[in-house]
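Below, each chain spelled out in residue letters.
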Amino acid sequence: MPFRAVYYHLVWATKYRQPLITPQIESRLIEIIQHKSQELKSEIFAINTVTDHIHVAVSISPSVAVSKWVQQVKGISTHNVNLEFPNNEHRFQWQPSYG
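Predicted model only: the values in this text are computed from it and were never measured. (Residues numbered from 1 in each chain as written. Predicted model: local features only at pLDDT ≥ 70, side-chain atom pairs only at ≥ 80, totals over all residues. Heavy atoms only, no water.)

**Student:** How should the environment of Trp69 be read in this particular structure?
**Tutor:** Position of Trp69 relative to the elements: it lies in helix α2 (residues 66–84). Sequence separation between Trp69 and Gly99 is 30 residues; the distance between their C-alpha atoms is 13 Å. What Trp69 contacts, discounting residues up to four positions off in sequence, is Leu10, Trp12, Ser37, Leu40, Ser42, Ile44, Val56, Val58, Ile60 and Val64. (Helix = DSSP H or I, 4+ residues; strand = E, 2+ residues; numbered from the N terminus. Contact = heavy atoms within 4.5 Å.)

**Student:** Looking at this structure, how should I read the pattern of salt bridges?
**Tutor:** Note that side chains of opposite charge can pair when their charged atoms are close. Scanning the entire structure with this criterion turns up four salt bridges. One salt bridge in this structure joins Asp52 and Arg17, with 3.5 Å as the shortest N-O distance. Of this pair, Asp52 sits in the loop between β2 (43–50) and β3 (53–59) while Arg17 sits in the loop between β1 (8–13) and α1 (23–39), placing them 35 residues apart in sequence. Note on Asp52: relative accessible area 18%, which makes it buried. On the basis of relative accessible area, Arg17 is assigned to the partly exposed category, the value being 44%. (Salt bridge = Lys/Arg side-chain N within 4 Å of Asp/Glu carboxyl O. Buried < 20%, exposed > 50% of the residue type's maximum accessible area, 1.4 Å probe, protein only.)

**Student:** Help me understand the environment of Pro96, please; the structure alone is not making it clear to me.
**Tutor:** Take Pro96: it is sitting in the segment after α2. The exposure class of Pro96 is exposed, given its relative accessible area of 75%. As for Pro96 and Ala13, which are separated by 83 residues in sequence, their C-alpha atoms are 8.7 Å apart.

This is the structure:
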């Protein structure tokens, strides 16, 4: 059986670096990202947020491109946060890039 060990430290920010990640949103973001990662057969080792960006340490399945993983995670987290927190002053959005 082949062995692989590839680890990524990914960072991305909220649109215009708005301070949108509140404690309530943070806990949901973490749950959503962990769940989506499991679906994508990718293991998360750590997640940390501040009000305007997120850090994720992850090992992404070789069957999933890094860009696809980020696209899926950012997409589902944006969608779910906006559904679950419809009364927020600003719509939750991520910047299109990541590092």
